[in-house]
Amino acid sequence: MHNAVLDSHERFKDLDTMSKDVMKELQSLNKEKEALEIQQAEAIKKQAAFEVDIKDLEERMSGNMQAKDDSVKQLHMLQKEIQESTEELNRIKPLYDNQLKKEENITKGIMEREKQLSILYQKQGRATQFSSKAARDKWLQKEIDDLQQVLHSNSMQEQKLQEEIVGLNEELEGLDGSIERRKTEIKELESSISQSRFNYQKTERDKLQDERKSLWEKESKLSTEIDKLKAEVEKAEKSLDHATPGDVRRGLNSIRRICREYSIGGVFGPIIELLNCDEKFFTAVEVTAGNSLFHVVVEKDEISTQIIQHLNSLKGGRVTFIPLNRVKSPHVTYPQSSDVIPLLKKLNFSPKFTPAFAQVFGRTVICRDIDVATRVARTDGLDCITLEGDQVSKKGDLLRLVREVDVECGSNIAKCKGSQLEQRITAFVTEQQQLDAKRVLDKSVLEQHKQDIANANKQKQYISKALENKKKSLADVQMQIDQLRASMAMKRAEMGTELIDHLTPEEKDLLSRLNPEITDLKQE
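Computed from a predicted model, the values in this text were never measured in an experiment. (Residues numbered from 1 in each chain as written. Predicted model: local features only at pLDDT ≥ 70, side-chain atom pairs only at ≥ 80, totals over all residues. Heavy atoms only, no water.)

### Comments concerning the pattern of salt bridges
Under the defined criterion, the tally for this structure stands at 11 salt bridges. A salt bridge links Arg-182 to Glu-185, with the nearest nitrogen and oxygen atoms 3.2 Å apart. Residue Arg-182 and its partner Glu-185 are both found in helix α3 (residues 133–194); the two are separated by 3 residues, about one turn of the helix. Looking at Glu-185, the relative accessible area reads 28%, which means it is partly exposed. Between Arg-368 and Asp-339 there is a salt bridge, with the nearest N and O atoms lying 3.1 Å from each other. (Salt bridge = Lys/Arg side-chain N within 4 Å of Asp/Glu carboxyl O. Helix = DSSP H or I, 4+ residues; strand = E, 2+ residues; numbered from the N terminus. Buried < 20%, exposed > 50% of the residue type's maximum accessible area, 1.4 Å probe, protein only.)

Printed below as a string of structure tokens:
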């Protein structure tokens, strides 16, 4: 009976243990269930949002497609109208140019005849205008001189217009060459864009990303493990912080009280209170100095001796002093490299504390990474540290922070992501991004080339119009030059002739023909 009771008791204990294990497992499963339910709710929420976005995009795409079709129809109509107008313009332009040239010739003929007519009338009235042949010749010479000045001015203007016309023609040729080069580049860019592997890369990327989804669950477990390890690291850091500065803090408080009560001067405070630097150097400073951050800087060693006596009598904790009259700045030769920076140069402190800071930080340099630190420590005999706090002593010893736990977890994730599948995805994404960037750039360059062509054509229109005006001005100036030369020739021919009140038979014949010719030309 007694054995049966013992057996029952043992079975009860086993069942109780099993029950507790089952309850623990049930609690774990409940937590996983809750996490999955949260994930499911988030997934459903995201799915609903995606469905709304997709519907929105489909409606916008439909509207954009309709607008695109309408725009394409309008573009085709405008292109057709432009083509018809261009053909009509090309047909009419030769006729217009011929009529314009004919009109210019008629106007020139009328002006030449009217000028001749005016000269003949003036000559006919010379006898009544002048009292002698000499007076007439003097007047004629003055007229010739004045016309010569006008002729010189017009000749200069003619030369200038000819040079401007040459310059405008060269500018037009340059624009034509630029347009042809842009058209060639546009063809090459359009060919490059149409042959792009962008769509193929996008399909492959999507396929590989679907395969990667199967790894998400594993990544989630790793994230949980990381959080757990981070908590352990924080706990370890708190323990370390609590273990180190206890008696030091008590000693610092005692010093402040002693200095206040006994009016002791020349105490500047601990290194940590005299120091300022950029936040990114905090870890390097803490690891390098260690407990030296709490060493108290004093002016003289007599002051530290006096304070130590009071500390001992009060049992007020433990403090290390740095008397400025006893410490000397060590002479250190730092390596000249962009990968190495003396830690002392990155600290801000009063110059009078230089010996104390040099004693603590003078032989330490900040290195870009642990490899550089190892090399500098071995070759230059200096203590080296990275911004992350990895330390290599001049003896070659390597010290790492507690953060290595976290680093190891990150390494596990990196290994997971460094699988062959992830590498392929990364390669495809990288290539796709490069192709996408090139595509965007090519399209931008293509649009710029089209805009350049449009600007060049517009500039050609302005230049062509200016060239047409210059040619018209040149024709007018040349006609004026011809008239001036003819008038000067007639005046020179009249000089020295007898002063009579009638014209020669040839001049009378010319006078009789000029008026009918002018009338006929004006009718045309």
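Still more ground to cover, so stick around.
### Considering the sheet that holds strand β1 (residues 267–270)
Taken together, the 3 strands give an open sheet; going across it, the order is β1-β3-β4, and neighbouring strands pair in mixed fashion. Looking at strand neighbours, the two that pair on one side only are β1 and β4 (321–323), the edges of this open sheet. Averaged over all pairs of adjacent strands, the angle between their axes in this sheet comes to 20°, without regard to strand direction. Across 3 bridges, strand β3 (residues 296–298) lies against β4 in parallel orientation. Note that in β4 the partner of Val-298 across the bridge is Pro-323. Sitting on the sheet, helix α6 (residues 246–262) is in contact with β1, β3 and β4, with an inclination near 165° to β1. Running at roughly 155° to β4, helix α9 (residues 301–314) makes contact with β1, β3 and β4 of the sheet. (Pairing = 2+ DSSP bridges. Axes fitted to C-alpha atoms, helices over the stretch in contact; angles between N-to-C directions. Contact = heavy atoms within 4.5 Å.)

### What about helix α10 (residues 354–361)?
Among the 8 residues in α10, 6 count as buried, and that is most of the element. Of the positions making up α10, those classed as buried are Pro-355, Ala-356, Phe-357, Ala-358, Val-360 and Phe-361.

### Brief notes about the nonpolar core
In this structure, Ile-271, Val-285, Leu-293, Val-297, Leu-347, Phe-357 and Phe-361 are the most contacted members of the largest nonpolar core, which totals 24 residues. Counting residues per element, the ones that place at least two in this core are α7 (271–274), α8 (282–289) and α10. Considering each element in turn, this core owes the most residues, 5 residues, to α10. With residues up to four places along the chain from it excluded, the contact list for Val-297 reads Gly-266, Val-267, Phe-268, Gly-269, Ile-271, Leu-274, Ile-322, Leu-324, Phe-353 and Ala-356. Within the second largest apolar cluster, 22 residues are counted, among which are Ile-165, Leu-175, Leu-189 and Ile-453. (Core = buried A, V, L, I, M, F, W, Y, C linked by side-chain atoms within 4.5 Å.)

### Describing the side chain of Arg-136
When you line up the elements, Arg-136 lands in helix α3. Classification of Arg-136 by relative accessible area gives buried; the value is 2%.

### Remarks on the environment of Glu-468
With respect to the helices and strands, Glu-468 occurs in helix α13 (residues 420–494). Note on Glu-468: relative accessible area 39%, which makes it partly exposed. Measuring from C-alpha to C-alpha, the distance between Glu-468 and Ile-165 comes to 9.0 Å, with 303 residues separating the pair along the chain.

### Remarks on the side chain of Thr-364
Checked against the element boundaries, Thr-364 lands in strand β7 (residues 364–367). Since its relative accessible area comes to 4%, Thr-364 is described here as buried. The contacts of Thr-364, once residues within four sequence positions are left out, are Thr-288, Pro-342, Leu-343, Asp-383 and Ile-385.

### What about a negative patch on the surface?
A contiguous patch of negative charge, built from Asp-53, Asp-56, Glu-58 and Glu-59, is present on the exposed surface. Within the secondary structure layout, Asp-56 lies in helix α1 (residues 2–124). Owing to a relative accessible area of 39%, Asp-56 belongs among the partly exposed residues under this scheme. (Patch = residues over 30% accessible without salt bridge, like charges linked within 9 Å, V, L, I, M, F, W, Y side chains within 5 Å. Areas by Shrake-Rupley, 256 points an atom, 1.4 Å probe, with all protein chains shown as cover. Lys, Arg positive; Asp, Glu negative; His and termini not counted. Charge placed at Lys NZ, Arg CZ, Asp CG, Glu CD.)

### Overview of the packing of α6 against α9
Across the interface, α6 lies against α9 with an axial gap of 10 Å and an inter-helix angle of 115°. In terms of axis orientation, α6 runs roughly perpendicular to α9. In this structure, α6 crosses over α9, and the sense of that crossing is right-handed. Note on element contacts: α9 touches α6 through Ile-307, His-310, Leu-311 and Leu-314, opposite Gly-251, Ser-254, Ile-255, Arg-257, Ile-258, Cys-259 and Tyr-262. (Parallel < 35°, antiparallel > 145°, perpendicular 65-115°, else oblique. Left-handed = near helix turned anticlockwise from the far one by under 90°.)

### Some words on the pairing of β7
Burial along β7 is two-sided: the face carrying Thr-364 and Ile-366 and the face carrying Val-365 and Cys-367 are both buried. Relative to strand β8 (residues 383–386), β7 runs parallel, the two being bridged by 4 bridges. Bridging from a neighbouring strand, Ile-366 pairs with Ile-385 of β8. Considered for its hand, the β-α-β crossover made up of β7, helix α11 (residues 370–380) and β8 is right-handed. (Right-handed = clockwise from strand over helix to strand, strands pointing away.)

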